[in-house]
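The lines below spell out each chain.
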Number of protein chains: 2
Amino acid sequence: MARINDNYLKLPGSYLFSEIARRVAAYKEKNLKADVISLGIGDVTRPLPKACVDAMQSAVEEMGNVETFRGYGPEQGYEFLRDAIAEHNYKAKGIDIKSDEIFISDGSKSDCGNIQEIFDNNCKIAVPDPVYPVYLDTNVMAGRTGKLLEDGRFEGVTYLPALPENNFSPALPKERVDIIYLCSPNNPTGTALTKSELAKWVNYARENEAIILFDAAYAAYIAENDIPRSVYEIEGAREVAVEFRSFSKTAGFTGTRCGYTVIPKELFGKSENGEKIPLHKLWLRRQTTKFNGTAYIIQKGAAAVYSDEGQRQVKETINYYMENAKIIREGLKKANLTAYGGINAPYIWLKTPTPSWEFFDKLLTEAEVVGTPGAGFGSAGENFFRLTAFGNREKTIEAVNRIVDKI
Amino acid sequence: MARINDNYLKLPGSYLFSEIARRVAAYKEKNLKADVISLGIGDVTRPLPKACVDAMQSAVEEMGNVETFRGYGPEQGYEFLRDAIAEHNYKAKGIDIKSDEIFISDGSKSDCGNIQEIFDNNCKIAVPDPVYPVYLDTNVMAGRTGKLLEDGRFEGVTYLPALPENNFSPALPKERVDIIYLCSPNNPTGTALTKSELAKWVNYARENEAIILFDAAYAAYIAENDIPRSVYEIEGAREVAVEFRSFSKTAGFTGTRCGYTVIPKELFGKSENGEKIPLHKLWLRRQTTKFNGTAYIIQKGAAAVYSDEGQRQVKETINYYMENAKIIREGLKKANLTAYGGINAPYIWLKTPTPSWEFFDKLLTEAEVVGTPGAGFGSAGENFFRLTAFGNREKTIEAVNRIVDKI
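Along each chain, numbering runs from 1 in the same order as the chain's sequence is written. To label them, take the chains in the order written and letter them from A, then take the ligands in the order written and number them from 1. Selection of residues for local features in this predicted model requires a pLDDT of at least 70, selection of side-chain atom pairs for listing and counting requires 80 or more, and totals for whole chains, interfaces and linings are taken over all residues. Side-chain metrics in this entry use all non-hydrogen atoms of the structure; hydrogen atoms and water are not considered.

### Focus: the relation of the copies chain A and chain B
Then, number 1: C-alpha atoms of residues with pLDDT of at least 70 in both copies form the basis for the least-squares superposition of the copies. Overlaying chain A with chain B gives an RMSD of 0.0 Å, the required rotation being 180° about an axis along which the chain moves by 0.0 Å. Both chain copies can therefore be described as sitting about a two-fold axis. Every residue of chain A has its C-alpha some distance from the rotation axis, and the shortest such distance is that of Q57(A), at 3.0 Å.

Structure (structure tokens):
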């Protein structure tokens, strides 16, 4: 019988969100009149910007006519989209990233998951703790880790804890690592690294010849000064960092699927015989071999984000979510719960009075509100809890009122 | 410096289609009045079926309204699409495949490329020769092969040559293999396996505990009886085969991106300690970790393929392409060139009087027609040449006339 990839068996059996769904379904079954409000799923609820809708309508029509029909698109994505990204997200902000250093994809999850393929299997990785599961699980599946230990961590991985004690700015690793995943603004803590904190990592990577994989999915939510939107705002980052960006949370594309990866031309790894190999070339090979591009229709929708009206509509929606975040933060304060984040990101990370799954059950059964237990994101997430600001305004207010009253 | 995946360095430097594009560009630069017709790219030219266009227009509108907006979709794809596939492609044809055995994706290329991840790195693979490069390259990148040899083959891979001598039905491998890639109807030869020939492979896999990865991207082009559309038409296939299907060539979705993988619940591999592990579970883990689904809009478009009008429109387009194929075949006959395929698939595989790249140059410079040299698909493709039937009718006729006159 064909041997399967045994690394998959190292992963914990139940997924965080499946377990949450199971508990919520069980509660609803016993309580038929339940009115459960979810502040748990990291999914948006507001509709797509009208500019995107209009652009996609035109694109769909083009696809129905022989003169304007599009088949396979360019390997790295259409120039109209890459140019718009390079112009708006980089050039206009004084950052030197060129259109041909951008690879359009079907979203950050795919890119953050697949990027590890271009590296040697023996590379040592560092991941945040708490962590977006994709960075870690994909390396477990590739065989870069040992087994899952009792404390919830995997052998052979360097964890970078983010806690109140260090202001959610992890300390540099003590041991040598090759690849460092960073996510700022951060899911799940909702906090963000300042420019000097991010510079600390870029300098570390430069001095230690490590590569930073920088997930900037929430860049559009940054409200404070001194919080970089792009790792390339830091001098020297072009030679040490890959950046991932997404239209999911920027423009509501969670069910529409579009993102991009930036790989500067000066970013290298080395081969077994010491030769410098450009990562750009490897990613291009990976994508041209295993991916056939993002739909034309979707790329047209994404490009519309950069029009004047697109920008206006996107900001409006982001403001809507961040108003929810403010309501949640203020409510938690009233409920005497300590909370972090929710200023530069649509997540609020609250300290729980009990272990996080117990708090989950209490919140569900006593307030009929669903959140995400921090333990699900790693051992440094224990005794914390994530609430998201993506919901409907009225339900968010109601959920917060229930927390204030009952918790 | 972080070590890169050295396996990528085993791949040949220049890609087949990049080299073709280079030679065509060079010719056009020297011959400004050139009127080059391409029968080389495996890309469709007819617009999307109107049923799909209409469905996507509605879906785009839904995404613009808060009441009907969709975020993240179900893990294996929307039920409306999986149910339609299970009903039309399987149940209606007497094949037992259930909706939950179907995984919607962004296309066969991704699936055919990523499927190897769930298997152990030491698995022995068998690939067709000539071969769709994805099956082979992705295993090179994973480290399942040795280096590229002078004859164009990779060490450690079992090749299954398809030639006129064996009627393009490869012989069973002599050595043990774990994973067998098959593509029927075949790209690039345009030929297809009969039911008994495919049964030979299913029986082999059952007797030798191997897994068949069956690429059925061109199922919709089958015209003759006794050519199976699905590997599951063969008894016993549920326990040995994964099937890949695509909307790309069925409905013109090359630039719209949708496909699906079928993994029956009885399909197992084994772990290091001999435990039977269902492949369904592994693929679900892979996809839920590294992929966030195909856009709602696109899935709506794909589902429309199964409406009555969708079916009518799809058949009309397929007939258009297959009429091109007929014109090409008859023209090649007139030109005294031996040709295969083009009856159950939109590809014609012709025997070249000279090595295939020489024939490529001759065709380009003397007839201003572009095709794909068989050597680009593997050593058994040498002295063959692929022409595709996806082009415009008038240009196809003209290209064929030029071949008849000048070659």
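Having seen the structure, we can now continue with the description.
### Comments concerning the packing of aromatic side chains
All names here are of chain A.
Then, number 1: The aromatic pairing rule takes the rings of Phe, Tyr and Trp, using the six-membered ring of Trp, and pairs them if the centres are within 6.5 Å, calling planes under 30 degrees apart stacked, those over 60 edge-to-face and the rest tilted. For the structure on display, the rule yields 46 aromatic pairs over all chains.
Then, number 2: These aromatic residues form a ring-pair network of at least three members: Y218, Y221, Y320, Y321, Y347 and F390.
Then, number 3: Only lysine NZ and arginine CZ atoms are considered, and such an atom sits over a ring when it is within 6 Å of the ring centre and within 35 degrees of the ring normal. For K351, the ring lying beneath its charged end belongs to F384, and the centroid distance is 4.8 Å.

### Remarks on the sheet that holds strand β3 (residues 125-129) of chain A
Note on sheets: strands pair through backbone hydrogen bonds, and any given pair is parallel or antiparallel.
Residues and elements named next belong to chain A.
Then, number 1: Two strands qualify as a pair provided that DSSP identifies no fewer than 2 bridges between them. Working definition: helices are DSSP H or I runs of at least four residues, strands are E runs of at least two. Numbering for both runs from the N terminus. The strand order across the open sheet formed by seven strands is β2-β8-β7-β6-β5-β3-β4, and the pairing between neighbours is mixed. Two strands bound the open sheet, and with one partner strand each, they are β2 (102-105) and β4 (158-161). Averaged over all adjacent pairs, the angle separating strand axes in this sheet is 20°, with direction ignored.
Then, number 2: Pairing of strand β5 (residues 179-183) with strand β6 (residues 211-215) involves five bridges; the strand directions are parallel. Axis lines are fitted through C-alpha atoms, for helices just across the contact stretch, and the angle between N-to-C directions can take any value from 0 to 180 degrees.

### Some words on helix α11 (residues 356-367) of chain A
Residue and element names in this part refer to chain A.
Then, number 1: Compared with an ideal rise of 1.5 Å per residue, which puts twelve residues at 16 Å, α11 spans 15 Å between its outermost C-alpha atoms and is within 8% of the ideal.
Then, number 2: Only protein chains enter the calculation, and the probe is 1.4 Å; a residue is then buried if its accessible area is under 20% of its type maximum, exposed if over 50%, and partly exposed in between. Within the span of α11, buried status applies to S356, F359, F360, L363, L364 and A367. Seen end-on, α11 carries its buried residues on one side only, within an arc spanning 130°.
Then, number 3: Those residues of α11 that are buried are in contact with α1 (16-30), β12 (347-351), β13 (369-370), β14 (372-373), β15 (384-388) and α12 (393-406).
Then, number 4: Among the residues trailing α11, E368 stands out with phi positive, at a value near 55°. For a helix, the expected span equals 1.5 Å multiplied by the number of residues minus one. The directions from the helix axis to the C-beta atoms form the arc being described. We call two residues contacting when some pair of their heavy atoms lies within 4.5 Å.

### Section: the nonpolar core
Soluble globular proteins tend to bury their nonpolar side chains together.
Then, number 1: We call a set of buried Ala, Val, Leu, Ile, Met, Phe, Trp, Tyr and Cys residues a nonpolar core when their side-chain atoms join them within 4.5 Å. If you look at the biggest cluster of nonpolar residues, it comprises 204 residues, and the most contacted ones within it are F247(A) and F247(B).
Then, number 2: Not counting the four nearest positions on each side in its chain, F247(B) is found in contact with L81(B), I85(B), G252(B), F253(B), C258(B), G259(B), Y260(B), A302(B), V305(B) and Y306(B).
Then, number 3: Within the second largest apolar cluster, 70 residues are counted, among which are I179(A), C112(B), Y135(B) and I263(B).

### Description of the pattern of salt bridges
Then, number 1: Take a side-chain nitrogen of Lys or Arg and a carboxyl oxygen of Asp or Glu: if they are within 4 Å of each other, that pair is a salt bridge. In this structure the tally under the stated criterion is 44 salt bridges over all chains.
Then, number 2: A salt bridge links R285(A) to D137(B), with the nearest nitrogen and oxygen atoms 2.8 Å apart. Here R285(A), found in helix α8 (residues 279-290), pairs with D137(B), found in helix α5 (residues 133-142), and the two come from separate chains.
Then, number 3: With a relative accessible area of 10%, D137(B) lands in the buried category.
Then, number 4: In this structure, K290(B) and E117(B) form a salt bridge, with 2.8 Å as the shortest nitrogen-oxygen distance. Placement of the pair is K290(B) in helix α8 (residues 279-290) and E117(B) in the loop between α4 (108-114) and β3 (125-129), with a sequence separation of 173 residues.
Then, number 5: In this structure E117(B) comes out as buried when scored by relative accessible area, which is 11%.
Then, number 6: One connected set of salt bridges, linked through shared partners, spans D96(A), K98(A), E101(A), R238(A) and E266(A).

### So, the sheet that holds β15(A)
Residues and elements named next belong to chain A.
Then, number 1: Pairing in this open sheet of four strands is antiparallel, and the strands run β11-β12-β15-β14 from one edge to the other. On the outer flanks of this sheet lie β11 (339-341) and β14, each paired with one strand and no other.
Then, number 2: Bridge count for β12 against β15 is five bridges, and the pairing is antiparallel. Bridge pairing links W349 to R386 in β15.
Then, number 3: Of the strands in this sheet, β12, β14 and β15 touch α11, which is tilted by about 45° from β15.

### What about α1(A)?
Then, number 1: Taking 1.5 Å of rise per residue, the 15 residues of α1(A) would be expected to cover 21 Å, and the 22 Å separating its terminal C-alpha atoms lies within 8% of that figure.
Then, number 2: Looking at the buried positions of α1(A), the neighbouring elements they touch are α11, β13 and β14 of chain A.

### A short note on the packing of helix α5 (residues 133-142) of chain A against α8(B)
Relative orientation and spacing of two packed helices are given, respectively, by the angle between their axes and the distance between those axes.
Then, number 1: In the contact formed by α5(A) and α8(B), the axes pass within 10 Å of each other and the chain directions differ by 145°. Once α5(A) is placed against α8(B), the crossing between them reads as left-handed. Together, V134(A), D137(A), T138(A) and M141(A) of α5(A) and R285(B), R286(B), T289(B) and K290(B) of α8(B) make up the contact between the two elements.
Then, number 2: Residue type decides the class: Asp, Glu, Lys and Arg count as charged, Ala, Val, Leu, Ile, Met, Phe, Trp, Tyr, Cys and Pro as nonpolar, and the leftover types, Gly among them, as polar. Per-class residue counts for the contact of α5(A) with α8(B) are two nonpolar, two polar and four charged. Note on convention: the crossing is left-handed when the near helix lies turned anticlockwise from the far helix by less than a right angle, right-handed when the turn is clockwise.

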